[in-house]
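An overview of the molecular structure
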Amino acid sequence: MPDIRWLAVTDSTNERALELARAGAPHATVVVADHQRAGRGRLGRTWQDGPAGSSLLASVVVDPSGPVATAGLAVMAVSLAMADACADLSGERPGLKWPNDLVWADRKLAGVLAESIVEGTEVQALVVGVGLNLWWPEAGPPQEIAAGAVSLEEASGCRVDRDQLVRSWVDRVDTALGANVVDLLADYRRSCFTLGQAVRVSTAGGEALDGIAVDVTDAGALVLDVAIVGRRVVFSGDVVHLRAT
């Protein structure tokens, strides 16, 4: 049976999962919370959740010596597992947006964040967290995210039970994390809504690149076809889809 730790309130499920990993928790141990006081997103952002149960807030411990040994590949595996779990319960499978979002019609359904503990050059522990919008309260989503976010209930037309979704995801995530990397990348490429799109990428170094997203590398970096410049590989950044194809 999977080891799932259920919490009413915590600062961050990723932080709790990292603590468990430091203490020797086995691969695929999962932390789930009703509410986070300090949920984290990429690039130092925060993750805001609504009423208890309206979001799925969960993190999984990943064996850093396993087949999916890098943060980029772990994010792919966890995202694909969550997309499949959503399809299991709602009948609708969200797409993926590089580098770490689940999307529906280009609106954000979930964010995925990998964090690690590194000593010297070795990764001692790796966790991947997911924050997914299950349903909105009566007042609707927070104003600052309303235009670009979507809930699973809104996308599928049905309210999914959070605990059932967690268990479906946990069943799939361990398989995904142990998958053959070639198969994992093929599944990700099929599911990634970003590929084939005209995009604008704002890199972590402050550079803005416009081009066509043509591929992801075996480490999960995005390959852009940029006019005049040619192919560029982006390891980290924010993506805006400029048009649908």
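Refer to the structure above for everything that follows.
The shown structure was predicted, so the numbers you read here are calculated from the model rather than taken from an experiment.

Let's shift gears to the side chain of threonine 194. Locating threonine 194 in the fold gives a position in the loop between helix H5 (181–191) and strand S8 (198–203). Setting aside residues no more than four positions away along its own chain, threonine 194 makes contact with Leu96, Lys97, Trp98, Val199, Ala213, Leu222, Val239 and His241.

Packing of helix H2 (residues 71–90) against helix H4 (residues 162–177) leaves a shortest axis separation of 8 Å and a crossing angle of 140°. With respect to H4, the element H2 is oriented oblique. Of the two elements, H2 crosses H4, and the hand of that crossing is right-handed. On H4, the residues touching Ala74, Ala77, Val78, Ala81, Met82, Asp84, Ala85, Cys86, Asp88 and Leu89 of H2 are Gln164, Leu165, Ser168, Trp169, Arg172, Val173, Ala176 and Leu177. Residues belonging to the contact of H2 with H4 are distributed by class as follows: 13 nonpolar, 2 polar and 3 charged.

A cis geometry characterises the amide bond from tryptophan 98 onward to proline 99, with omega recorded as 5°. Examined against the element boundaries, proline 99 turns out to sit in the loop between strand S4 (95–97) and strand S5 (101–104). Positive phi values are uncommon outside glycine, yet alanine 28 reaches one of about 75°. Tracing the chain through its elements places alanine 28 in the loop between helix H1 (13–22) and strand S2 (30–36).

Read from one edge of the open sheet, 7 strands run S1-S2-S3-S7-S6-S5-S4, paired in mixed fashion. One side of each edge strand has no neighbouring strand; the edge strands of this open sheet are strand S1 (4–10) and S4. When the angles between neighbouring strand axes are averaged without regard to direction, this sheet yields 25°. By the bridge criterion, 4 bridges tie S5 to strand S6 (residues 107–119) in an arrangement that is antiparallel. Each bridged residue has a counterpart across the sheet, and for tryptophan 104 the counterpart in S6 is arginine 107.

Three or more residues of H5 are buried, namely Leu184, Leu185, Tyr188 and Ser191. Down the axis of H5, the sector holding all buried residues measures 130°, keeping them to one side. In H5, the exposed residues that point more than 90 degrees away from the buried face are Val182, Asp183 and Arg190. Packing partners of the buried residues in H5 comprise H2, S4, H4 and strand S9 (208–216). Where H5 begins, one side-chain oxygen reaches toward the backbone nitrogen of valine 182, 2.8 Å away; that side chain belongs to asparagine 180.

Within the structure shown, the criterion is met by 17 salt bridges. The shortest N-O distance in the salt bridge between arginine 159 and glutamate 153 comes to 3.3 Å. Residues glutamate 207 and arginine 232 are paired through a salt bridge, measuring 3.1 Å at the closest nitrogen-oxygen approach. With glutamate 207 in the loop between S8 and S9 and arginine 232 in strand S11 (residues 230–234), this pair connects stretches of sequence that are 25 residues apart. Note on glutamate 207: relative accessible area 35%, which makes it partly exposed. For arginine 232, a relative accessible area of 27% translates into the label partly exposed. Here the salt bridges do not stand alone but share partners, grouping Asp84, Asp88, Arg93, Arg172, Asp187 and Arg190 into one network.

The next point concerns the nonpolar core. Membership of the largest hydrophobic core comes to 58 residues, with the highest contact counts inside it found for Val78, Met82, Leu132, Leu165, Trp169, Leu222 and Leu224. The element contributing the most residues to this core is H2, with 12 residues. Setting aside chain neighbours within four positions, we find leucine 224 in contact with Val199, Val201, Leu209, Ile212, Ala213, Val214, Gly230, Arg231, Arg232 and Val234. The next biggest cluster of nonpolar side chains, apart from the first, holds 10 residues, and it includes Leu18, Ala25, Ile117 and Ala125.

The next point concerns the side chain of serine 59. Along the chain, serine 59 falls in strand S3 (residues 55–62). The exposure class assigned to serine 59 is buried, which follows from its relative accessible area of 0%. Within polar-contact distance, the side chain of serine 59 engages the side chain of threonine 13 at 2.7 Å. Within the structure, serine 59 has its side chain in polar contact with the side chain of asparagine 14 (distance 2.6 Å). If we skip the residues at most four places from it in the chain, serine 59 touches Thr13, Asn14, Ala17, Thr29, Val30, Val31, Val128 and Gly129.

Criteria and cut-off values
Residues numbered from 1 in each chain as written. Predicted model: local features only at pLDDT ≥ 70, side-chain atom pairs only at ≥ 80, totals over all residues. Heavy atoms only, no water. Helix = DSSP H or I, 4+ residues; strand = E, 2+ residues; numbered from the N terminus. Contact = heavy atoms within 4.5 Å. Axes fitted to C-alpha atoms, helices over the stretch in contact; angles between N-to-C directions. Parallel < 35°, antiparallel > 145°, perpendicular 65-115°, else oblique. Left-handed = near helix turned anticlockwise from the far one by under 90°. Nonpolar A, V, L, I, M, F, W, Y, C, P; charged D, E, K, R; others polar. Pairing = 2+ DSSP bridges. Buried < 20%, exposed > 50% of the residue type's maximum accessible area, 1.4 Å probe, protein only. Arc of directions from axis to C-beta. Polar contact = N/O pair within 3.5 Å; in protein donor to acceptor, adjacent residues only side chain to side chain. Salt bridge = Lys/Arg side-chain N within 4 Å of Asp/Glu carboxyl O. Core = buried A, V, L, I, M, F, W, Y, C linked by side-chain atoms within 4.5 Å.

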